[in-house]
Each structure stands twice: as structure tokens, then as C-alpha cells.
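# Structural overview
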Amino acid sequence: MQIEELRKYLTKAFLTGSIKTIFVILSTILFLPLIIKNIGMSNYGIIALATIFSGNIAFLDLGISKSITLMLGKSKSKEEANKIFSIGIFSTSVIFTIFIFLISILVFSDVPIFGSEINIKKNLFNNVIFASLLFLYISLFNNALIAVLDAKYLNHQVNNGYL
């Protein structure tokens, strides 16, 4: 019976993942020209730069979300689950705080984070850094919350790599 449940789950996951991918592709094809037309290519480039910057530093999760999923899935009591979640959120907060500190040092030292070829006004540069850090913050905490949902709905049992 477990094999049949696993097959159904994987089929559902494949279908929903495929629908999501198709939706993202179609919305990009439809909306990207409109966005570029309204805000301009250079402004869109700056937004893309902030998104790429925050995406490339998403490795700061350091496996915390997967650890939360695995450990919550194996927890025996609500108190133990709460402690695991609290430690995960605290660890994510510490990592994010350290990263903000390091980026602040680079920004105040006038290190060209995006390269020396890009001429961005100081105010705009600060806004790009702030937006990048905001994207990173949302991503890190979103990963932790998704990990809790994965554990609650036993998604950690699907991937044998986490057993």
C-alpha cells in the first residue's frame, strides 16, 4: 500500500510542478515585455541584478531547512518539535545577521560589489543592496517555513536521501 501512496504522491507532485513551471514561463513571456516597456531596460537590469545577487547567496541556508524537515519528521513530541523549529529559526537569524554585517562592511568600504564596470548612483546602489537583502531574508525564512510543512505532511519520507 505504501508504494501505491508514494506513486500517487509523486504523480501529483510532478503534475503540480509541471503546471507551476508552465505558468511561470507563460507569465514571463506575457509580462516581461510590459515591465521593460514601463520601467525601462536599465531599471529592469538593476532589478535583475538584485535578484541574481540574492539568488546566488541563497546558499546561506546551509542545509538548515532540510535539517528542520528531517528532525521534525522524527520528533516524538510537540515540545521537541518546537525546540527544533526554534533552533532552526535562530540559526537562520544568526546567519542572516552575520551576512548583513559582512555586506555592510563591503558597502561602507566602497567595494564594487557588482563590479567596477557598472556605474550606479550611491542612493540606487543602496536600494539594490537593501532589496537584495530583503529577497534573501524572505528566501531564508520561507525555506524554514516550507521545511515545517514538509515535515508535517511527511514529504521528507519521499526523498530517500534524507532518510
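Residues numbered from 1 in each chain as written. Predicted model: local features only at pLDDT ≥ 70, side-chain atom pairs only at ≥ 80, totals over all residues. Heavy atoms only, no water.

All right, on to the packing of aromatic side chains then. All chains considered together, the criterion is met by 2 aromatic pairs. Plain terms: the ring middles of Phe96 and Tyr137 are 5.3 Å apart, the flat faces sit at 55° to each other, and that makes the pair tilted. Taken together, the residues Phe96 in helix α4 (residues 78-108) and Tyr137 in helix α5 (residues 122-152) connect sequence positions 41 residues apart. The exposure class assigned to Phe96 is buried, which follows from its relative accessible area of 10%. (Phe/Tyr/Trp six-rings, centres within 6.5 Å; stacked < 30°, edge-to-face > 60°. Helix = DSSP H or I, 4+ residues; strand = E, 2+ residues; numbered from the N terminus. Buried < 20%, exposed > 50% of the residue type's maximum accessible area, 1.4 Å probe, protein only.)

Quick look at the packing of α4 against α5 now. Viewed as axis vectors pointing N to C, α4 and α5 meet at an angle of 165°, and their least axial separation amounts to 11 Å. Relative to α5, α4 is oriented roughly antiparallel. Pair α4 / α5 crosses with right-handed handedness. Across the interface between the two elements, Phe85, Ile89, Thr92, Ser93, Phe96, Phe99, Ile100, Ile103 and Val107 of α4 pack against Lys122, Phe125, Asn126, Ile129, Leu133, Leu136, Tyr137, Leu140, Phe141, Ala144, Leu145 and Val148 of α5. Partitioning the contact of α4 with α5 into residue classes produces 17 nonpolar, 3 polar and 1 charged. (Axes fitted to C-alpha atoms, helices over the stretch in contact; angles between N-to-C directions. Parallel < 35°, antiparallel > 145°, perpendicular 65-115°, else oblique. Left-handed = near helix turned anticlockwise from the far one by under 90°. Contact = heavy atoms within 4.5 Å. Nonpolar A, V, L, I, M, F, W, Y, C, P; charged D, E, K, R; others polar.)

This part covers the nonpolar core. The biggest cluster of nonpolar side chains holds 20 residues, and the ones touching the most others in it are Leu60, Ile68, Leu72, Phe99, Ile103, Ile129 and Leu136. Breaking this core down by element, the ones donating at least two residues are α3 (64-74), α4 and α5. Excluding its chain neighbours within four sequence positions, the residues that come into contact with Leu60 are Ile95, Phe99, Leu136 and Leu140. (Core = buried A, V, L, I, M, F, W, Y, C linked by side-chain atoms within 4.5 Å.)

Next up on the list: α3. For α3, the set of buried residues is Ile64, Ser65, Ile68, Thr69 and Leu72. In a view along the axis of α3, the buried residues occupy a sector of 140°, so they form one face of it. Contacts made by the buried residues of α3 are with α4 and α5. (Arc of directions from axis to C-beta.)

We now examine the packing of α3 against α5. Axis separation between α3 and α5 bottoms out at 8 Å; the angle between their running directions is 25°. Overall, the two elements α3 and α5 adopt an arrangement that is roughly parallel. At the point where α3 passes α5, the crossing takes the right-handed sense. Contacts from Ser65, Ile68, Thr69, Leu72 and Gly73 in α3 reach Asn143, Ala144, Ala147, Val148, Asp150 and Ala151 in α5. A breakdown of the residues in the contact of α3 with α5 according to their chemical character gives 6 nonpolar, 4 polar and 1 charged.

For the rest of this paragraph, the subject is the confidence of the model for the protein. Averaged over all residues, the pLDDT of the protein equals 77, while 85% of them reach at least 70. Counting contacts from residues 158-163, a segment whose pLDDT is below 50, to residues more than four positions away or on other chains yields 8 contacts. (pLDDT = per-residue confidence, 0-100.)

What follows deals with a nonpolar patch on the surface. On the surface, Leu30, Phe31, Leu34, Ile35, Ile39 and Ile47 cluster together to form a nonpolar patch covering roughly 540 Å² of accessible area. Counting residues per element, the nonpolar patch draws most heavily on helix α1 (residues 2-39), which supplies 5 residues. With respect to the helices and strands, Ile35 occurs in helix α1. Since its relative accessible area comes to 38%, Ile35 is described here as partly exposed. (Patch = residues over 30% accessible without salt bridge, like charges linked within 9 Å, V, L, I, M, F, W, Y side chains within 5 Å. Areas by Shrake-Rupley, 256 points an atom, 1.4 Å probe, with all protein chains shown as cover. Salt bridge = Lys/Arg side-chain N within 4 Å of Asp/Glu carboxyl O.)

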